[in-house]
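Close look at the chain arrangement
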Amino acid sequence: MSTQLEALPHRHVLTLPTTPSAVRTARETAEQALAEWGINPCHPAIGPALLILSELVTNSVRHAAVLSPQLTVIYAAGVDCLAFAVHDRHPYQPPLYGAVTDTGGGLATVMELTLGLGGTAVVRGDADRKGKSIWITLPL
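Heads up: these notes are all about the structure in this document. Note that the structure is a prediction, hence the values are computed from the model and not measured. (Residues numbered from 1 in each chain as written. Predicted model: local features only at pLDDT ≥ 70, side-chain atom pairs only at ≥ 80, totals over all residues. Heavy atoms only, no water.)

1. Things to note about the pattern of salt bridges
Within the structure shown, the criterion is met by five salt bridges. For the salt bridge of E31 with R27, the shortest nitrogen-to-oxygen distance reads 3.9 Å. Taken together, the residues E31 and R27, both in helix α1 (residues 21–36) and four residues apart, mark about one turn of the helix. By relative accessible area, which is 29% here, R27 ends up partly exposed. The partner of R89 in a salt bridge is D126, with the nearest N and O atoms 2.6 Å apart. Linking R89 in the loop between β3 (81–88) and α3 (106–116) with D126 in the loop between β4 (120–125) and β5 (132–139), this pair joins segments that are 37 residues apart in sequence. (Salt bridge = Lys/Arg side-chain N within 4 Å of Asp/Glu carboxyl O. Helix = DSSP H or I, 4+ residues; strand = E, 2+ residues; numbered from the N terminus. Buried < 20%, exposed > 50% of the residue type's maximum accessible area, 1.4 Å probe, protein only.)

Structure, rendered in structure tokens:
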């Protein structure tokens, strides 16, 4: 994954209400964006990537909705890289790599899939410390 996130040629941003329907909309939007960008839906990373995205949006809906009436999904891709982030305005920043040792649960699944695909995960806090984005980057 030599491509820097800033240099990825394809980007799409989607803002949704932090409600259960956001999970399906975020996933369907990802599928549409990937198709428009010419990324093969049968690539072995795409199924797990869509599951990771669904888990992250679900976590925002379950845990951040009280402080964050909206969430934002950022999609990005290049020739050798797929990246996406889920942003909400809840200040809690979960320890992603600690989730690997947890038994089950959304973040444990996210991290198991991400690491299994050779990807990376990072939490980036907002400058005002009242929100965060969880970024996932996967090789294609």
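2. Some details on the pairing of strand β2 (residues 70–77)
Side-chain positions along a regular strand alternate between the two faces of the sheet. When you tally the buried positions in β2, you get seven out of eight residues, the bulk of the element. Both strand β1 (residues 10–17) and β2 contribute to a ladder of eight bridges, which runs antiparallel. Looking at the pairing, L16 lines up with L71 of β2. Two elements, β2 and β3, share six bridges in a ladder whose sense is antiparallel. Each bridged residue has a counterpart across the sheet, and for V73 the counterpart in β3 is V86. (Pairing = 2+ DSSP bridges.)

3. Some points on the pairing of β4
Note that β4 and β5 share six bridges and pair antiparallel. Bridge assignment links G125 to a residue of β5, and that residue is K132. In this structure, the hairpin formed by β4 and β5 is closed by a connection of six residues, where R129 is found at a positive phi of approximately 65°.

4. A few points about the nonpolar core
With 34 residues, the main nonpolar core has L53, L56, V57, V73, Y75, F84 and I136 as its most contacted residues. Only β1, α1, α2 (46–63), β2, β3, α3, β4 and β5 provide two or more residues apiece to this core. It is α2 that contributes the most residues to this core, eight residues altogether. Residue contacts for V57: discarding those within four places in its chain leaves A22, V23, A26, L71, V73 and V86. Listed in part, the seven residues of the second largest apolar core include L8, C81, A85 and W135. (Core = buried A, V, L, I, M, F, W, Y, C linked by side-chain atoms within 4.5 Å. Contact = heavy atoms within 4.5 Å.)

5. Quick word on the side chain of S54
Note that S54 resides in helix α2. Judged by its relative accessible area of 10%, S54 is buried. Side-chain polar atoms of S54 contact the backbone oxygen of L50, separated by 2.9 Å. Contact partners of S54, with chain neighbours within four places excluded, come to V23 and R27. (Polar contact = N/O pair within 3.5 Å; in protein donor to acceptor, adjacent residues only side chain to side chain.)

6. A few points about the sheet that holds β4
Ordered by their spatial adjacency, five strands build an open sheet running β1-β2-β3-β5-β4, and the pairing between neighbours is antiparallel. Both outer strands of the open sheet, β1 and β4, are each paired with one neighbouring strand and no more. The average angle at which neighbouring strand axes cross in this sheet is 15°, direction not considered. (Axes fitted to C-alpha atoms, helices over the stretch in contact; angles between N-to-C directions.)

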